[in-house]
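# Inside the fold
Here's the letter readout for the chains.
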Amino acid sequence: MLPVSYYVGLSAVLFAIGALGVLIRRNAIIIFMSIELMLNAANLAFVAFARVHEALSGQIFVFFVITVAAAEVAVGLALIVAIFRNKQSIDVDQMSSLKG
Amino acid sequence: MTPELITFILLASIAVASGLGMLFSRNAVYSAIYLIINFITVAVFYLLLGGAFIAVSQVAVYAGAIMVLFLFVIMLLGAEKLGRSGDTLPWQRPLAIILGLGLVAETLYILFFQAGELVALKDLPEGFGSPSSVGSVLFQEYLLPFEVTSILLLVAMIGAIILTRQEKKNAGR
């Protein structure tokens, strides 16, 4: 059995890639995908620590995180569709005005 | 080099490479496909860590349902490619890369030099992470959060419908 810290390290790397995606991309859909990647990295850390402590609660939390991510994606993509209808673009740089 | 370590390194490099591919590909559809590869690799990690049920639900919900929704919206909007807009914040990109590398460096430092090695010494009990054991914990200890989750999903569903509804009577806009 490998040390579980390898898995947690991988999860840190994936989280950093997701954070980088939120910071450097301008496409709103790709920013959403990066958020999914960060949630996924957190899930990997949860499962790794569930393995260390032999507690199933970590896996239950992963289940809840997956549910919340599904809800978040549904609402977020609905928002993106609404913004696209208004502005004909999903570039986040163009969403700088508060009014319409 | 044990077989376990070789498997881990192979899978980890696939995961990191597909994450970077998601980050740097110009076409949003390719990004979505890379992200699906990443999710499936992480599901294999869940299997290695003894979470069989979580691995299957990861593939079904994340790689299946959520990414199909993403691809559907990308193709619906026709927003595969975003024309290069002039950078309004030109200093943001190098700063983001420096800060991202700093985040990785300090987490890895804390993990490998401060926290000590996290080793799972004991073998897992029989049936750990199987659907029946996850189900019994979920429906006994976590019954209330489970029910709250259903309300959350209902609220998200209604919210998505209301946000995307075509408004009929605003001709003045």
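What you are looking at is a predicted structure, and each value in this text was computed from that prediction instead of being measured.

Of the regular secondary structure elements, chain A holds three helices and zero strands. Listing the helices and strands of chain A from first to last along the sequence gives α-α-α. Over its C-alpha atoms chain A spans a radius of gyration of 17 Å, topping by over 25% the 13 Å that the globule rule assigns to 100 residues. Based on the C-alpha atoms only, the size of chain A along its principal axes is roughly 55 × 25 × 15 Å. In chain A, the share of contacts with a sequence separation of at least 24, taken over all contacts with a separation of at least 6, comes to 54%. Of the accessible surface of chain A, which amounts to about 3,500 Å², a share of 69% is contributed by carbon and sulfur atoms. For chain A, the distance from the average site of its 6 positive side-chain charges to the average site of its 5 negative ones is 10 Å.

All right, on to the interface of chain B and chain A then. With 81 residues of chain B in contact, the opposing surface of chain A contributes 71 residues. For the pair chain B and chain A, the two sides together bury roughly 7,200 Å², of which 76% comes from carbon and sulfur. Along the contact surface separating chain B from chain A lie zero salt bridges. Along the contact surface separating chain B from chain A lie nine residue pairs in polar contact (both at pLDDT 80 or more). At the level of elements, α1 (3-24), α2 (28-48), α3 (52-77), α4 (92-114), α5 (131-140) and α6 (143-164) of chain B are the ones that each hand at least two residues to the side of chain B that touches chain A. At 13 residues, the largest contribution of residues to the side of chain B that touches chain A is made by α3 of chain B. Of the residues assigned to the side of chain B that touches chain A, the class counts are 54 nonpolar, 19 polar and eight charged.

Attention now moves to a nonpolar patch on the surface. Residue and element names in this part refer to chain B. Residues I14, Y30, I33, Y34 and I37 make up a contiguous nonpolar surface patch of about 450 Å² in total accessible area. The element that contributes the greatest number of residues to the nonpolar patch is α2, accounting for four residues. Within the secondary structure, I33 is located in helix α2. On the basis of relative accessibility, which here comes to 41%, the residue I33 falls in the partly exposed class.

A few words on the domain arrangement of chain B. If you check the domain split of chain B, you get domain 1 (1-81) and domain 2 (142-173). Inter-centroid distance (C-alpha atoms) of domain 1 of chain B to domain 2 of chain B is 27 Å.

Let us look at unusual backbone geometry. All names here are of chain A. Even without being a glycine, E54 presents a positive backbone phi close to 50 degrees. With respect to the helices and strands, the residue E54 is situated in the loop between α2 (28-53) and α3 (57-87). Although it is not a glycine, Q88 sits at a positive phi angle of roughly 60 degrees. As for its position among the elements, Q88 is in the segment after α3. With a relative accessible area of 57%, Q88 lands in the exposed category.

What counts, and where the lines are drawn
Residues numbered from 1 in each chain as written. Chains lettered and ligands numbered in written order. Predicted model: local features only at pLDDT ≥ 70, side-chain atom pairs only at ≥ 80, totals over all residues. Heavy atoms only, no water. Helix = DSSP H or I, 4+ residues; strand = E, 2+ residues; numbered from the N terminus. Rg over C-alpha atoms; globule rule 2.2 N^0.38 Å. Contact = heavy atoms within 4.5 Å. Areas by Shrake-Rupley, 256 points an atom, 1.4 Å probe, with all protein chains shown as cover. Lys, Arg positive; Asp, Glu negative; His and termini not counted. Charge placed at Lys NZ, Arg CZ, Asp CG, Glu CD. Buried area = accessible area lost by both parts, 1.4 Å probe. Salt bridge = Lys/Arg side-chain N within 4 Å of Asp/Glu carboxyl O. Polar contact = N/O pair within 3.5 Å; in protein donor to acceptor, adjacent residues only side chain to side chain. Nonpolar A, V, L, I, M, F, W, Y, C, P; charged D, E, K, R; others polar. Patch = residues over 30% accessible without salt bridge, like charges linked within 9 Å, V, L, I, M, F, W, Y side chains within 5 Å. Buried < 20%, exposed > 50% of the residue type's maximum accessible area, 1.4 Å probe, protein only. Domains from an automatic or database assignment.

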